[in-house]
Every structure is written in structure tokens, then in C-alpha cells.
Amino acid sequence: MDNSTTYVDAKRGKIKWYNNNKGYGFITGDDGEEVFLHNSMINNHAHGEKIEEGDSVLYEIELGDKGLMAKHVLLEKNDSFVNNTHKRNNREFNVFKEF
């Protein structure tokens, strides 16, 4: 049985700002796009672990009531990833696998 999680078309970015007491902040993607981050969307955040400005993340985006939100967020300092780029119909997809 495979216990890994696959993220298709995931994005990479860095924590721009995060308030550990309130549990929210913002990510700036490698493409420059800013998205809101809530701690409930971080999949591998250990209780009590501090999230810091500049931490690298892997995430997907969804449109929430107030704009773009990060979901399925992984802190790269806590996991390792395999990154493969695939092309389909002249569109490039990033596929990341969490172990």
C-alpha cells in the first residue's frame, strides 16, 4: 500500500508573513502571487512548531470567499518531495509526491 500523497500542479513559495499566535499569514509564490494561509490548511505542522518568514512551502490554491487561499500546504523543512514535471496538451504540470 502506498501511503504517499500526490499534489498535481502544486506551487512552491515562501512564507511572506505569519502570526504564530493567531495562526494565519501569507505565502508569496515563486510566481509572485500572494495567497492567504490559515494553519488548518498545513498538513505537516507539528503542534508548537514555529512557522517563520522565508520558510519554503508547497501548496495548492483555491478561491475562497475573500480571495485566494492556500490549501494542502506542506512545510518543506519537515518533509522530502519528489518533483516531476509532465507535459500534457502543451501544458506543463508539476507533480509532487510527499513521503
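In this text, all values refer to a predicted model and were calculated from it rather than measured experimentally.

Here we look at the packing of aromatic side chains
So, point 1. Using the criterion set out here, one finds 4 aromatic pairs in the structure.
So, point 2. Each ring, one from Trp 17 and one from Tyr 24, has its centre 5.8 Å from the other, and the planes form 55°; the classification is tilted.
So, point 3. The exposure class of Trp 17 is partly exposed, given its relative accessible area of 38%.
So, point 4. Ring geometry for Phe 26 versus Phe 36: centroids 5.8 Å apart, planes at 75°, classification edge-to-face. Taken together, the positions of Phe 26 in strand β3 (residues 24-29) and Phe 36 in strand β4 (residues 34-38) put the pair 10 residues apart, joining distant regions of the chain.
So, point 5. Residue class for Phe 26 comes out partly exposed when judged on its relative accessible area of 32%.
So, point 6. Note on Phe 36: relative accessible area 24%, which makes it partly exposed.
So, point 7. Among the aromatic residues, those joined into a ring-pair cluster are Trp 17, Tyr 24, Phe 26 and Phe 36.

Brief notes about the pairing of strand β6 (residues 67-75)
So, point 1. Both strand β5 (residues 56-64) and β6 contribute to a ladder of 7 bridges, which runs antiparallel. Across the sheet, the residue bridging to Leu 58 is Leu 74, located in β6.
So, point 2. Linking β5 back to β6 in an antiparallel pair, the connection comprises 2 residues.

What to know about the pattern of salt bridges
So, point 1. Tallied over the entire structure, the rule returns 3 salt bridges.
So, point 2. Asp 31 is paired through a salt bridge with Lys 11; the nearest N and O atoms lie 3.2 Å apart. Of this pair, Asp 31 sits in the loop between β3 and β4 while Lys 11 is found in strand β2 (residues 11-19), placing the two residues 20 residues apart along the sequence.
So, point 3. Since its relative accessible area comes to 28%, Lys 11 is described here as partly exposed.

Reading the values: the criteria
Residues numbered from 1 in each chain as written. Predicted model: local features only at pLDDT ≥ 70, side-chain atom pairs only at ≥ 80, totals over all residues. Heavy atoms only, no water. Phe/Tyr/Trp six-rings, centres within 6.5 Å; stacked < 30°, edge-to-face > 60°. Buried < 20%, exposed > 50% of the residue type's maximum accessible area, 1.4 Å probe, protein only. Helix = DSSP H or I, 4+ residues; strand = E, 2+ residues; numbered from the N terminus. Pairing = 2+ DSSP bridges. Salt bridge = Lys/Arg side-chain N within 4 Å of Asp/Glu carboxyl O.

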